[in-house]
Amino acid sequence: MMSGNEAVARAAWESGLALASAYPGTPSTEILEELTQYPDLNAQWAVNEKVALEVAIGAAVAGSRSLAAMKQVGVNVAADPLMSQSLAGVVGGLVLVVADDVGLSSSQNEQDTRFWGRFAHIPVMEPADAQEAFEMTKAAFDLSEKFETIVILRLTTRVCHVKSLVTVGERRPPNSEGGFTYDPNRWVLVPSTAKRRLPLQAEREKALKAESESSPLNVVEQGSDKRVGFVTSGPGYLHVKESFPDAPVLKLGLSHPAPFEIIRAFAGTVERLVVVEETEKLLETELKAEGIGCTGKDILPSNGELAPEILIPAIAKFLGEPVPVRKLAHDSSLVFPRPPTMCVGCPHLGVYYTLSKLRRQVTISGDIGCYTLGALHPWKALDTTTCMGASLTMALGLDKGRLPKDADKSVVAVIGDSTFLHMGIQGLLNLVYNKGNATVLILDNQTVGMTGGQDHPGTGKDAYGMPAPKVDFIKLIEALGVKPERIHKINPYMMPVLFKTLKDEMAIPEVSVIITDQPCVLIEDHQRFAPYTVIEEACTGCGNCLKTGCPAILVRKRETVAKNGKDQELAFVDIDISGCTGCGLCTETCGPDAIKRMMPPTKTSKEAQAHG
Ligand code: SF4
Ligand code: SF4
């Protein structure tokens, strides 16, 4: 049993992969993690997706098979090399695996990577399950070498994470013949070279189109019920098969360039043609432009998965038939609602608690990662989040573009360690260079937290967990132009110190950087201490500790009392000692000192540092 991500990794290894580079991002992360398990190849975490693709391009230009992996938003970052290298092409096979977060489980947008294939004139393959992910990865390497082009393997969350049986094979030896060939007319993309490559790119696309027309990856399944025939790709195929097992289906594995002649012939065998594509109206538009009559997004939604509960009623309505009531296999109303929140004892809790206390005095520019959760209850301490690294760049805009209403407000930018290395360095440089007035909080939890704890150049470990050079954030920040006296490193569990430093730096009209330096509670560097408990009789029910947002603090009893002629809600609390990490953060919020450690602290130096 393998997930699609595991199957891609296995197939890449079997295909003679020499190098893989990726930036973690759900739902693509496990591809590179899995590749570190295979011998005889080099798997690397890159600082961002542009870097990952360029490293893979370098290896492919040198003649080796390589792979770059990322989630859909990462392709925007990697677009620059993607668009250019499409002209020069590759020698060793290069597969760009992109995992589209269809349904937005953990992304800031839902974008359709198939567009990049059209935009960059690069073929796109779309597996429907793990076995196909395995087979198409192999086919993608072969196609890449045959046509000397990058090939996009487009996965979606469902393919990435759902497990199914996969039949595996043997590893073929990595490329050993050939090597890098000196050819500036190909590899040095100055305008004159690029112009000469344009007709070659057009010829390649023509040849790929012919390949698509005869590709065994594009399959017609004749069905008995000819009222509707479906053209589909990726998991859309599985949804169609589950919904309409008797319908004719044309399944596109090599979906770009589209095999219009096959589609035209297929359309002639059915009464109506419906395009089932996740997410955009892409193929449907192309078919209409080719004069092939069809429908699709007129009756189907343009976002989310096209699951049977969507497809069946839409097609019934389209055919003018009664809309069947389908009993859902699961009833989401039975699941206890659980809003997204940070982990118990997370080092970011203190930061957001502190920011929430300063809420009226600041505009807070946020970024992608766990700390995005700071926008939610109880902190409500983020004003903006757009994309990786935008906290720093937008902070400059918020500062320089401020109107009189915001004249007295400070601008604070919040970014994580990995995100800072991904795309924040340039933003900080720009902020300093353009004499911005913002306080930057780098929440260094020593990992890529949100994607499950991957390493990066700030952790001192590589993708294999082996020692690697570790970036010195303070020296780096100094080198970017921040004055040494404006740089602070703080333990975020020491909230009074954090509060005072933040207040002081907000008052200084230049760039300051505060680095918080406690590890994510989910990585091995994190140390747990004896848990805390609430002394029932001492608790006044003020609810202050709940404002830290720590999920280990539970409301035991609620009461409404009259105070100064007004009703006041009280919440008496308990601490779930099985979850409590003993960080001590909540003790700093409790006026009556009702929160006590369950046993005397063992005085480790770390604890002494954290709690005096
Ligand atoms: S000490 Fe308080 S804030 Fe820290 S983990 Fe335990 S309950 Fe949560
Ligand atoms: S802050 Fe202290 S007094 Fe207030 S609810 Fe929490 S434990 Fe009780």
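Preceding this paragraph is the structure being described.
Remember, it's a predicted structure, so these values are computed and weren't measured experimentally.

Description of the sheet that holds strand E7 (residues 150-156)
The 7 strands lie next to each other as E3-E2-E4-E5-E7-E6-E12, forming an open sheet whose pairing is mixed. Every interior strand has two partners, whereas the edge strands, strand E3 (42-45) and strand E12 (254-256), have only one. Each of strand E2 (17-22), strand E4 (65-71), strand E5 (94-100) and E7 is contacted by helix H1 (residues 4-14), which is oriented at about 155° to E7, the strand it contacts most. Sitting on the sheet, helix H6 (residues 130-147) is in contact with E2, E4, E5, strand E6 (124-125), E7 and E12, with an inclination near 165° to E7.

Overview of the pairing of strand E18 (residues 512-516)
Burial analysis of E18 places 5 of its 5 residues in the buried class, the great majority of the element. Burial of E18 is two-sided: the residues Ser512, Ile514 and Thr516 facing one way and the residues Val513 and Ile515 facing the other way are all buried. Sheet topology places strand E16 (residues 439-443) next to E18; 5 bridges connect them, and they run parallel. For leucine 441, the partnering residue across the bridge sits in E18 and is isoleucine 514. This β-α-β element, strand E17 (residues 487-490) to helix H18 (residues 495-506) to E18, shows right-handed connectivity.

Section: empty space enclosed by the protein
Tallied over the full model, the rule gives 4 cavities of 30 Å³ or more. There is about 110 Å³ of room inside the largest cavity. Around the largest cavity, the lining comprises 16 residues; the ones closest to its centre are Gly345, Cys550, Cys580, Cys583 and Cys586. Considered class by class, the residues forming the lining of the largest cavity number 11 nonpolar, 5 polar and no charged.

Overview of the site of ligand 2
Every residue near ligand 2 is listed here: Val534, Cys539, Thr540, Cys542, Gly543, Asn544, Cys545, Ala571, Val573, Cys590, Pro592 and Ile595. Here the shell around ligand 2 is built from residues that sort into 9 nonpolar, 3 polar and no charged.

Structural notes on the pattern of salt bridges
For the structure shown, the criterion picks out 34 salt bridges. With a closest N to O distance of 2.6 Å, arginine 158 and glutamate 305 form a salt bridge. Here glutamate 305 lies in the loop between helix H12 (283-289) and helix H13 (308-318) and arginine 158 lies in helix H7 (residues 157-161), a separation of 147 residues in the sequence. Residue glutamate 305 is classed as partly exposed on the basis of its relative accessible area of 23%. Across the pair glutamate 261 and arginine 264 runs a salt bridge, and its minimum N-O distance is 3.5 Å. Placement of the pair is glutamate 261 and arginine 264 together in helix H11 (residues 260-267), with a separation of 3 residues, close to one helical turn. For glutamate 261, a relative accessible area of 46% puts it in the partly exposed group. Overlapping salt bridges bring together Asp100, Asp112, Arg114, Glu126, Arg154 and Glu277 as one network.

Here's the deal with the sheet that holds strand E11 (residues 249-252)
Pairing is mixed across the open sheet formed by 4 strands, whose spatial order is E9-E11-E10-E13. Each end of this open sheet is capped by a strand with a single partner; those strands are strand E9 (218-221) and strand E13 (272-276). The average angle at which neighbouring strand axes cross in this sheet is 15°, direction not considered. In the sheet, E9 pairs with E11 via 4 bridges, with the strands oriented antiparallel. Within the sheet, the bridge partner assigned to valine 219 lies in E11 and is lysine 251.

Conventions and cut-offs
- Residues numbered from 1 in each chain as written.
- Chains lettered and ligands numbered in written order.
- Predicted model: local features only at pLDDT ≥ 70, side-chain atom pairs only at ≥ 80, totals over all residues.
- Heavy atoms only, no water.
- Pairing = 2+ DSSP bridges.
- Helix = DSSP H or I, 4+ residues; strand = E, 2+ residues; numbered from the N terminus.
- Contact = heavy atoms within 4.5 Å.
- Axes fitted to C-alpha atoms, helices over the stretch in contact; angles between N-to-C directions.
- Buried < 20%, exposed > 50% of the residue type's maximum accessible area, 1.4 Å probe, protein only.
- Right-handed = clockwise from strand over helix to strand, strands pointing away.
- 1 Å grid on protein atoms, 1.4 Å probe; cavity = no way out; pocket = protein on both sides within 12 Å on 5 of 7 lines; lining within 4 Å.
- Points joined across faces, edges and corners; volume = space filled by probe spheres on them.
- Nonpolar A, V, L, I, M, F, W, Y, C, P; charged D, E, K, R; others polar.
- Near = heavy atom within 4 Å.
- Salt bridge = Lys/Arg side-chain N within 4 Å of Asp/Glu carboxyl O.

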